[in-house]
Amino acid sequence: MLSGRMMEMPLTISSVIDYAADVRSDTEVVSKCVEGGVHRYSYSDAHKRTCQLAHALTSMGIKEGDRVATLAWNGYRHFELYFAISSVGAVCHTINPRLFADQIVYIINHAKDRILFLDTTFIPIITPLIHKLPKDLRYVALCDRKDMPDCDIPNLECYEELLTGQPTSFSWPNLDERSASALCYTSGTTGNPKGVLFTHRSTLLHTFGMMVFAAEVGLNSSSVVLPVVPFFHANGWGLPFASPLVGAKFVLPGPGLDGENLFELMDAEGVTSAWGVPTIWLGLLAEMRKHGRKPGGFQYMLVGGSAVPRSMIAEFEIDFDVRVVHGWGMTETSPVGSTTTFSPAMRSLPIEKQVDLKVSQGRRMYTVDMRIVNDSGELLPNDGEAFGELQVRGHAVMNGYFEDEEASDAALTDDGWLRTGDVAKIDPDGFMSLVDRTKDVIKSGGEWISSIDLENAAQGHEAVKECAVIAASHPKWAERPLLIIVLEAGKEVTGDEIKQYLADKVAKWWLPDDVVFVDEIPHTATGKISKLTLRKLFADHLLSTV
Ligand code: ADP
């Protein structure tokens, strides 16, 4: 081999905040605070406080490889934690507060966290669990002395006091880019949550990969970016790194994620690009209809994390003139795996055709290779027809779970690809369409019915607010689809009318056997429809066709 003559510089997370301080110094980070009010500062201020926090962490005895946990909404202190913890060589373990109490106890113990930084809103969640958490775990409230709560957490420390008086620069350690930087547990719909352990290198390469589609989702130094996706959900989809790098104004929404709060914040701050799961956009859409307009400045959105109904994409694109990018990903892929990246020819297609393409989960991210295989592990063609398990590999794809060899073995193929648990097809242009999750697909008489496609069709009905399709058992066909619907306020429709509506939209044998109406559909900790809970709730449902 002829070695190249280039410098060897590790790809470390500290380089992102250093760059932002140097080049994006006057760009704002705006946060809606848990304690009320709005906080504003610049990336340069964020850098200074990150350094102060780094000093605080080292004086608390945090060493390379130690796990430091956060239980927090999107806000400036959480942003500082993201950079300070990883940059001193420790591992930033973001905890999803919507997990069940037992899961929170499991992951804090499994991760062996040394410190837990928490927003004061989460004190009632943690207090009853303390006796089950590590004895030497230290607790820090993310607030000022005056906002310190009166509570039962022993020796609760104050974040702002830890920072006071610390130097505003830090000489970052020379880390190996392959060392662990962050830890995020997937919600574990079955069994215990599994930890994905990111490296500095994977995080930076994933961020660079995002630059490939940044123009299409309006991510640049003129943009105002709103991560509605929480920082505790798979690296906040990479935005805590991509936004400071491109120099976008960063608007952090705190706990107010309902349509009304989002609309107001987006209007006030001139948000141009907003990212989140479909459930969140249902709330914002309702608010936009009420106002008869979109929030001023709103131009781009990234939606993903679960299937996005066509009707939602069409409404944003056509009625409100917002460019939608649909993405697919997993915590295990850092998380962005694919986005609806267009060629110029695709951008000049009629809008309805563009919407059709955006219903698919899009084309692979630069850092991800994709393939589909059948049950015997044979490669299937990318012809837009054949479907099988989606498998991925790449620069920012996990090669095993944190200290869980059994789960790691199950997740990887013999030739080192990650099994996603998703069933998909890929067309000749590289657009991947998710047929279903392996465990959600409805197996009717040996044939498969895609719950996603059926939901997508039903969601187009004007009376349907939210819907889900699950398999109900059937003596002859093994499984048949059951459609569960939450109606829009004030709207009425019968199950038969829904079936008639679907009749020309899906194959006849796909039509749901029953349609049931409920007040609410349960969601998982990451805001997705919880099919597991629905399957339990409707376990005894006797289909009218039986
Ligand atoms: P959790 O299971 O904790 O929510 P992830 O966020 O890692 O964890 O979930 C990844 C899964 O979410 C994917 O494997 C896929 O099933 C689903 N998913 C993600 N994006 C989409 C999308 N755009 N359309 C359909 N399903 C999606």
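Preceding this paragraph is the structure being described.
From a predicted model like this one, the values you see are computed outputs, not experimental measurements.

A.B. asks: Hey, could you go over the overall build of the protein for me, with residue numbers and the actual values?
C.D. replies: Secondary structure assignment for the protein yields 17 helices and 25 strands. What you see for the protein is a C-alpha radius of gyration of 23 Å, in line with the 24 Å of a compact globule of 546 residues. Principal-axis analysis of the C-alpha atoms gives the protein an extent of 70 × 65 × 50 Å. Scored against the burial criterion, the 546 residues of the protein give a buried share of 57%. For the protein, the proportion of contacts with a sequence separation of at least 24, taken over those separated by at least 6, is 67%. Accessible surface for the protein amounts to roughly 22,900 Å². Of this, 51% is attributable to carbon and sulfur atoms. A distance of 2 Å separates the average location of the 50 positive side-chain charges in the protein from that of its 71 negative side-chain charges.

A.B. asks: How would you summarise helix H1 (residues 14-23) if you had to cite specific residues and measurements?
C.D. replies: Along H1, the positions that sit buried rather than exposed are Ser-14, Val-16, Ile-17, Ala-20 and Ala-21. Each buried residue of H1 sits inside an arc of 165 degrees when the element is viewed along its axis, so together they form one side. Structurally, H1 contributes buried residues whose contacts are with helix H2 (43-59), helix H3 (76-87), helix H7 (200-214) and helix H8 (239-246).

A.B. asks: Please provide a residue-by-residue account of the state of the cysteines, values included.
C.D. replies: In the structure shown here, the tally under the stated rule is zero disulfides. Lacking any disulfide linkage, Cys-143 is separated from the closest cysteine sulfur, that of Cys-158, by 5.3 Å. With relative accessibility at 3%, the residue Cys-158 sits in the buried group.

A.B. asks: Residues and numbers for the sheet that holds strand S5 (residues 115-118), please.
C.D. replies: With mixed pairing, seven strands are arranged side by side in an open sheet as S7-S6-S5-S3-S4-S8-S9. With one partner strand each, in any of the chains shown, strand S7 (157-158) and strand S9 (195-199) form the two edges of the open sheet. Of the pairings in the sheet, the one linking strand S6 (residues 138-141) to S7 comprises two bridges and is parallel in character. Bridge pairing links Ala-141 to Cys-158 in S7.

A.B. asks: Account for the site of the ligand, with residues named and values stated.
C.D. replies: The immediate surroundings of the ligand are formed by 19 residues, with Ser-187, Thr-331, Asp-422, Arg-437 and Thr-526 found nearest. Measuring from a nitrogen atom of the ligand, one finds a side-chain N or O atom of His-326 at 2.8 Å. A distance of 2.6 Å is found between an oxygen atom of the ligand and a side-chain nitrogen or oxygen belonging to Asp-422. Isolated, the ligand exposes 570 Å² of accessible area, and the fraction of that covered by the protein chains is 93%. Going through the elements one at a time, strand S14 (323-329) and strand S19 (418-426) are the ones with two or more residues in the shell around the ligand. Tallying contributions element by element places S14 first for the shell around the ligand, with four residues.

A.B. asks: If you had to explain the nonpolar core to someone new, which residues and values would you point to?
C.D. replies: Core analysis: the biggest nonpolar cluster contains 145 residues, and Leu-57, Phe-79, Phe-117, Ile-126, Trp-275, Trp-281 and Phe-316 have the highest contact counts within it. The residues touching Phe-117, leaving out its near neighbours within four places in the chain, are Leu-53, Leu-57, Val-68, Ala-69, Thr-70, Leu-71, Leu-81, Val-140, Leu-142, Tyr-159 and Leu-162.

A.B. asks: Residues and numbers for the environment of Ala-268, please.
C.D. replies: Turning to its location among the elements, Ala-268 is positioned in helix H9 (residues 259-269). The spacing of Ala-268 and Thr-331 is 63 residues in sequence and 32 Å in space, taken between C-alpha atoms.

A.B. asks: Describe the side chain of Gln-354, with residues and values.
C.D. replies: Secondary-structure assignment places Gln-354 in helix H13 (residues 351-359). Here the side chain of Gln-354 touches Arg-347 through a polar contact of 2.9 Å, landing on its backbone oxygen. In this structure, Gln-354 is in contact with Phe-342, Met-346, Arg-347, Ser-348 and Leu-349, ignoring residues within four places of it in sequence.

A.B. asks: Please set out the sheet that holds strand S16 (residues 363-364) residue by residue, giving values where relevant.
C.D. replies: Strand order in the open sheet formed by nine strands is S2-S1-S11-S10-S12-S13-S14-S15-S16, and the pairing between neighbours is mixed. With one partner strand each, in any of the chains shown, strand S2 (38-42) and S16 form the two edges of the open sheet. Bridge analysis of strand S1 (residues 28-32) against S2 gives five bridges, and the strand direction is antiparallel. Its bridge partner being in S2, Val-29 is matched across the sheet by Tyr-41. Where helix H10 (residues 278-291) meets the sheet, its contacts fall on strand S12 (273-276) and strand S13 (300-304), and the angle it forms with S13 comes to roughly 135 degrees.

A.B. asks: Describe the pairing of strand S20 (residues 432-437), and please don't skip the residues or the numbers.
C.D. replies: Bridging between S19 and S20 involves five bridges; their strand directions are antiparallel. Bridging from a neighbouring strand, Ile-426 pairs with Met-432 of S20. Count of turn residues in the S19/S20 antiparallel hairpin: five residues, of which Gly-430 carries a positive phi of about 90 degrees.

A.B. asks: Lay out H10 with the relevant residues and their values.
C.D. replies: Think of an α-helix as 3.6 residues a turn; residues three or four steps apart then line up on the same face. For H10, with 14 residues, the first-to-last C-alpha span of 20 Å sits near the 20 Å given by 1.5 Å per residue. Within the span of H10, buried status applies to Pro-278, Ile-280, Trp-281, Leu-284, Leu-285, Glu-287 and Met-288. Down the axis of H10, the sector holding all buried residues measures 165 degrees, keeping them to one side. Lining the buried residues of H10 we find H9, S12, S13 and helix H11 (310-319). A positive phi of about 70 degrees marks Gly-292, the residue just after H10.

Calculation notes
Residues numbered from 1 in each chain as written. Predicted model: local features only at pLDDT ≥ 70, side-chain atom pairs only at ≥ 80, totals over all residues. Heavy atoms only, no water. Helix = DSSP H or I, 4+ residues; strand = E, 2+ residues; numbered from the N terminus. Rg over C-alpha atoms; globule rule 2.2 N^0.38 Å. Buried < 20%, exposed > 50% of the residue type's maximum accessible area, 1.4 Å probe, protein only. Contact = heavy atoms within 4.5 Å. Areas by Shrake-Rupley, 256 points an atom, 1.4 Å probe, with all protein chains shown as cover. Lys, Arg positive; Asp, Glu negative; His and termini not counted. Charge placed at Lys NZ, Arg CZ, Asp CG, Glu CD. Arc of directions from axis to C-beta. Disulfide = S-S within 2.5 Å. Pairing = 2+ DSSP bridges. Near = heavy atom within 4 Å. Polar contact = N/O pair within 3.5 Å; in protein donor to acceptor, adjacent residues only side chain to side chain. Core = buried A, V, L, I, M, F, W, Y, C linked by side-chain atoms within 4.5 Å. Axes fitted to C-alpha atoms, helices over the stretch in contact; angles between N-to-C directions. Expected span 1.5 Å × (residues − 1).

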